[in-house]
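# Understanding the architecture of this molecule
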Amino acid sequence: MSLTIGVPREVTAGEKRVATVPEVVEKLIKLGFKVAVESGAGDAANCADDSYVAAGAQIIAGAPELWAASDIVFKVGVPTTEEVGLLREGGTLIGFIWPAQNPELMQQLSARKATVLAIDSLPRMLSRAQKMDALTSQAGVAGYRAVIEAANAFGRFFNGQITAAGKVPPAKVFIAGAGVAGLAAIGTAAGLGAIVRANDTRAEVADQVVSLGGEFVKVDYEEEGSGGGGYAKVMSEGFQKAQREMYAKQAREVDIIITTALIPGKPAPLLITAEMVRSMKPGSVIVDMAAERGGNCELTEPGQAVVKHGVTIVGYTDLTSRLAKQSSTLYANNLFRLTEELCKTKDGNIDVNMDDDAIRGLTVVKNGEVTWPPPAPKLPVAAPAAKPAAPVQKKSGGHGKASAPASAKSTAIMFGAAALLFWFIGSGAPPAFLAHFTVFVLACFVGYMVVWNVTPALHTPLMSVTNAISSIIAIGALVQLGPEGWIRWMAVAALALTAVNMFGGFAVTQRMLQMFHK
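Read on for an overview of the structure. (Residues numbered from 1 in each chain as written. Predicted model: local features only at pLDDT ≥ 70, side-chain atom pairs only at ≥ 80, totals over all residues. Heavy atoms only, no water.)

## A few points about the packing of aromatic side chains
Keep this limit in mind: For this analysis, a ring pair means two rings from Phe, Tyr or Trp (six-membered ring only for Trp) whose centres lie within 6.5 Å, classed as stacked if their planes differ by under 30 degrees, edge-to-face if by over 60, and tilted for the remaining angles. A ring is considered to have a charge above it if a Lys NZ or an Arg CZ atom is located within 6 Å of its centre and within 35 degrees of its normal.
Following the criterion strictly, the structure yields five aromatic pairs and no others. Feature note: the residues Phe96, Trp98 and Tyr331 constitute an aromatic cluster, connected by ring pairs. Over the ring of Tyr316 we find Arg322; its NZ or CZ atom is 3.7 Å from the centre of that ring.

Below, the structure written as structure tokens:
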């Protein structure tokens with residue numbers, strides 16, 4: 001018997017997202033599940049009840065009825081005590097739980113004999129878990145929206161302009177933290193034409209910042225900042241002092257600061273002090289994406305946009321809900337991918353396989369038993385490094401000395417021998433052969449140099465276009481064969497085939513080159 005997935009209306013204040021959307025409902029039904037949605041659950045995300053019905057879902061009027069009818073409940077926000085009380089005993093709950101910050105909630109869920117999968121506990125270092133990574137998808141939305149909020153509060157264009165009415169300099173944006181949200185903010189701000197600078201404690205993200213159009217600002221202090229699970233770690237006091245000095249300099253120079261620094265389970269680190277805010281130019285903007293955990297700015301007021309010392313400080317905690325349709329769609333896809341892993345038989349039933357590293361990391365309560373924290377995932381054991389082979393010494397002249405690499409003298413001898421061979425062939429060959437052979441050698445040389453200097457990413461389209469050109473050469477060869485008898489019909493057939501190859505090669509090349517256009 002297939003299970004029913006229930007999607008209740010979110011009760012957290014300001015939460016506009018919904019746990020699944022009509023497009024994903026159709027996919028869940030194909031897996032064999034029934035889907036029930038509480039009436040009005042998707043209204044704030046532009047997902048009307050009628051669209052759910054059209055996708056095959058059942059609409060249930062009230063929350064108690066929805067929870068009672070659901071074997072599996074999809075949620076976005078952390079469930080309240082009242083919602084836990086509505087959860088069917090022995091049922092399954094999937095959503096954001098934050099088990100480290102909510103020990104009482106864990107005990108309440110355990111008392112309901114529930115099975116709980118916390119989407120925020122996904123082992124993010126597993127490559128196959130990326131399709132289920134809701135933290136990443138939601139952080140990307142939040143980073144984009146942070147730039148939009150900054151642009152709304154900023155009193156000028158982002159891109160520089162020169163008009164008859166005067167010159168407008170481009171906005172300077174500094175982004176503290178180059179995680180998923182920070183990188184999304186960098187790409188968005190650079191796309192709007194701003195001068196973007198960014199900093200992160202993890203040195204390896206510098207190339208990513210540059211690739212998105214930003215400039216990586218390095219702290220003048222050597223310390224590695226990579227932590228577990230793709231997050232940064234808490235840095236030493238010496239590093240933090242050097243970092244504060246760099247932030248103070250950036251605050252005086254830039255127009256907009258976006259802070260994203262947050263370590264799960266810890267208060268947000270203080271990066272922007274009140275003194276730095278006072279040093280900023282009037283009309284500047286700070287968007288504090290860590291406001292929910294106290295904020296990276298000393299003057300942030302969570303949930304509010306305030307003006308202090310002439311600087312607008314945006315501390316919204318609902319950035320993802322301000323793009324409710326987009327964030328809901330991405331979150332619904334994450335939950336669908338998770339459901340695929342739980343229901344590989346596609347019969348509308350789930351199997352919480354605790355031997356699967358990804359599922360084990362997600363599962364914080366199993367049949368009433370608290371299973372959080374999970375053991376460390378079993379990462380593949382790296383093969384031992386191969387020992388370098390001992391150099392083979394070639395003896396020459398009866399001595400034990402190794403032969404020297406090819407010298408200029410040996411290269412000259414090789415070219416001389418090749419020239420001699422070319423003269424020997426040409427002396428007895430007809431003039432037409434010699435001319436064709438010369439063109440052939442030159443074509444090989446030119447072709448080699450062309451391919452050698454092409455970016456490796458373009459080798460595949462280059463192969464398709466050279467394939468088309470080679471067909472043109474084949475046509476020329478056929479023309480020279482002559483039109484007598486059966487050769488004519490062979491030439492016609494070959495001409496038809498090579499024409500397909502020619503036009504197909506150029507068409508494939510054009511389509512592949514389009515992939516490299518922005």
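So, next bit.
## Digging into the side chain of Ser137
Inclusion rule: The numbering of helices and of strands both runs from the N terminus, where a helix is a DSSP run of H or I of at least 4 residues and a strand a run of E of at least 2. Classification of residues uses two cut-offs on accessible area relative to the type maximum, computed with a 1.4 Å probe and protein chains only: under 20% is buried, over 50% is exposed, and between them is partly exposed. Residue contacts are defined here by distance: any two heavy atoms, one from each residue, within 4.5 Å place the two residues in contact.
Among the secondary structure elements, Ser137 is positioned in helix H6 (residues 134-153). For Ser137, a relative accessible area of 14% corresponds to the buried category. Setting aside residues up to four positions removed in sequence, Ser137 forms contacts with Leu330 and Asn334.

## Focus: the environment of Val21
Position of Val21 relative to the elements: it lies in the loop between strand S1 (4-7) and helix H1 (22-30). For Val21 and Gly42, which are 21 residues apart along the polypeptide, the C-alpha to C-alpha distance reads 7.6 Å. Excluding anything up to four places from it in sequence, Val21 contacts Cys47, Tyr52, Ser328, Thr329 and Ala332.

## Points about the sheet that holds strand S11 (residues 215-216)
Note the cut-off: For two strands to count as paired, DSSP must find a minimum of two bridges between them. Each axis is a line fitted through C-alpha atoms, taken for helices only over the stretch in contact, and angles between the N-to-C directions span 0 to 180 degrees.
Strands sit in the order S11-S10-S9-S12-S13-S15-S14 across an open sheet of seven strands; the sheet is mixed. This sheet does not close on itself; its edge strands, each paired only once, are S11 and strand S14 (305-308). Where strand S13 (residues 285-288) and strand S15 (residues 311-314) come together, three bridges link them in parallel fashion. Looking at S15, one finds that Ile286 is bridged to Ile313. In this fold H6 packs onto strand S12 (256-259), S13 and S15, with an angle of close to 155° to the strand it touches most, S13.

## Overview of the pattern of salt bridges
Rules: The rule for a salt bridge is simple: a side-chain nitrogen of Lys or Arg has to be within 4 Å of a carboxyl oxygen of Asp or Glu.
Overall, the coordinates contain 20 salt bridges when judged by the stated rule. Here Arg124 makes a salt bridge to Asp133, at a shortest N to O gap of 3.1 Å. For Arg124, a relative accessible area of 22% puts it in the partly exposed group. Close ionic contact of Lys131 with Glu341 constitutes a salt bridge, the shortest N to O distance being 3.0 Å. Of this pair, Lys131 sits in the loop between strand S6 (115-118) and H6 while Glu341 sits in helix H11 (residues 324-342), placing them 210 residues apart in sequence. By relative accessible area, Lys131 is classed as partly exposed at 38%. Residue classification places Glu341 among the buried residues on the basis of a relative accessible area of 15%. Three or more residues joined by partner-sharing salt bridges are found here, namely Arg128, Lys131, Glu341, Lys344 and Asp356.

## A short note on the pairing of S1
Note the cut-off: Note on handedness: a clockwise path from strand one over the helix to strand two, with the strands aimed away from the viewer, defines a right-handed crossover.
Side-chain alternation along S1 places Thr4 and Gly6 on one buried face and Ile5 and Val7 on a second face that is also buried. Bridging between S1 and strand S2 (residues 34-38) involves four bridges; their strand directions are parallel. What sits directly across from Gly6, in S2, is Ala36. Once the chain exits S1 it traverses H1 before rejoining the sheet at S2, and the crossover so formed is right-handed. Pairing analysis gives two bridges linking S1 to strand S4 (residues 72-74), with the strands arranged parallel. Following the sheet pairing, Ile5 is matched in S4 by Ile72.

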